[in-house]
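Below, each chain spelled out in residue letters.
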Amino acid sequence: MAAKSGKDMGISGAPLIAPAKSLVVHFTKRDLILYALGIGCCSGDDDDRDSRELQYAYENHPNFQPFPTFLLALAFTAEEQRKGQPSVGILPFPPESMVNYLEDGSSCGILPKQFFKREEDAREAGTFPILHMSQSLEMHAEMELCGKTDDDEPTQMQLRVRVTSVKPRSIGTFVTTETTYHQDGRHIATTQMVALILGLDPDAVVQWKERIDEQKRKTSTKRTELEDTDNCQEKTVIHYRIPKTAALTYRLSGDYNPIHVEDILDRSKERKVHAKNAPILHGLCTLGYAPVYVGDLLRVETWNDGPSNEGPSSAGFRVYRMDNKERSDLVVDKGRVQFRLKRLGSQTMDAAICRL
C-alpha cells in the first residue's frame, strides 16, 4: 500500500497528470430521431413549433439534422476501440466514459485512481452516489452524417475524456470532466460536466486543477453573466407537460441508469418511494439540476439578447416546475445559448432557439 501522498501527488507518489480516455462511438439517423423524440420534439401543443422540430425527427425532411445536444448522449454509448463490431443493444451502466478501475478490476467511480491518497479510499469511492451538478456544450463545427442515400450507414465520432478539476469539499468532492468530440480530424465540440461525489471524505482525495496554457486561455470562448430578467418585457414563455413515456424513451439514447425506471416498478408494487411517486427524468433531458418527474408541467422562459456585430448572438433561459400553473420549483437557472446564424431573419432565429 502506498503511503499518504503530498500536495499534487496521488497514490503513485508522482506529480498528477490527468489521464485521457480515447473512445469511439457509432450512431445512425435512427439514433438521432430517437433522441429528438426522447427530449420532446414534436410532442407539444404548438403545431407550428412541432412542424419546425420535424427537421430533427424525420429523416426525409429537407433540413434533417442532429439536434445539437445529441452529442451529450454519445458519452453514454462511446467505448474503447476494439477489434470486431461495436457493442449494440442495451449497454451496461455506468458507461465507459464515466467509470475508472483499479488494478484488480474493481471500480473507483468517475474519479481516476491517481487522484486518491490511498488505495482503500479509491476502492470505497465507487460506492458513493453521484450528482450531476452542471453541464455545458460548445459547438465548434457541424457534424457530417454518413448515409446520404437511403441506407442508414453509421456515422463514427471520436471522444477524448479527461478530468480537469478535483475540488474536495465538506459535502463531497466536485469533479469537472471535459470531453472533446472529433470527426475526420475536425474538432466538433467540447463539453464540460461537473459532478459531485456525494459524501466522499475530502481528506481522501488530492485537490487539483489543470493548468491552462496562455494560448488556450486566449482562444477559449468568453462567457458573460446574464442580466437579471425578472422584469424583462421580451420574454417568451412556453408551457410543456412531460409525457408519461419520457423517461422510458430518453433512456434508449444510452443513459440506462435504472433509477429512471425502477420507480415505476415500485409503484406497481404499491411501494411509495418519494412524495412524487413518479420516475425522475434524466438530468440531461432537461439540462436541469433539480429533480423533474414524469408528468410534471414545465414553464420555460426564454429571452433573446439580439444579434451581435462582433460575436455570437445569445439567448438566456430558465425552467420552472409548475404547480397548478403557478411558479414553483426552479429547475434550470442561468441557462445560456450562444450561436451564430448562417443567415439573419426572424424565421431562422425562431428555428435556432425554438427548443433550446
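Remember, predicted model here, so these are calculated numbers, not experimental data. (Residues numbered from 1 in each chain as written. Predicted model: local features only at pLDDT ≥ 70, side-chain atom pairs only at ≥ 80, totals over all residues. Heavy atoms only, no water.)

Asks: Just checking my understanding: could you explain the layout of surface pockets for this structure?
Replies: Any empty space left between the atoms is revealed when a probe the size of a water molecule rolls over them. Taken as a whole, the second largest pocket spans an internal volume of roughly 560 Å³. In this structure, the second largest pocket is lined by 24 residues; those nearest its centre are H26, D31, T77, S87 and V88. At the level of secondary structure, the elements contributing two or more residues to the lining of the second largest pocket comprise β1 (20–27), α1 (29–38) and α3 (70–74). When residues in the lining of the second largest pocket are grouped by element, the largest group, four residues, is from β1. When its residues are assigned to classes, the lining of the second largest pocket shows 14 nonpolar, seven polar and three charged. (1 Å grid on protein atoms, 1.4 Å probe; cavity = no way out; pocket = protein on both sides within 12 Å on 5 of 7 lines; lining within 4 Å. Points joined across faces, edges and corners; volume = space filled by probe spheres on them. Helix = DSSP H or I, 4+ residues; strand = E, 2+ residues; numbered from the N terminus. Nonpolar A, V, L, I, M, F, W, Y, C, P; charged D, E, K, R; others polar.)

Asks: Help me understand the pattern of salt bridges in this model?
Replies: Close approach of charged atoms allows side chains of opposite charge to pair. Here the structure, examined in full by the defined rule, presents 13 salt bridges. One salt bridge in this structure joins R123 and E119, with 2.7 Å as the shortest N-O distance. Linking R123 with E119, this pair stays in helix α4 (residues 119–125), spanning four residues, or about one helical turn. With a relative accessible area of 34%, R123 lands in the partly exposed category. For E119, a relative accessible area of 33% puts it in the partly exposed group. For R321, the salt bridge goes to D329, with nearest N and O atoms at 2.4 Å. Owing to a relative accessible area of 37%, D329 belongs among the partly exposed residues under this scheme. Via salt bridges that share partners, D104, E119 and R123 belong to a single interconnected network. (Salt bridge = Lys/Arg side-chain N within 4 Å of Asp/Glu carboxyl O. Buried < 20%, exposed > 50% of the residue type's maximum accessible area, 1.4 Å probe, protein only.)

Asks: Where do I start with the pairing of strand β11 (residues 313–323) in this structure?
Replies: For a regular strand, the rule is simple: side chains alternate between the two faces of the sheet. Of all eleven residues that make up β11, ten are buried, and the element is covered over most of its length. When strand β10 (residues 297–304) meets β11, the two strands line up antiparallel, connected through eight bridges. The residue of β11 that forms the bridge with T302 is F317. (Pairing = 2+ DSSP bridges.)

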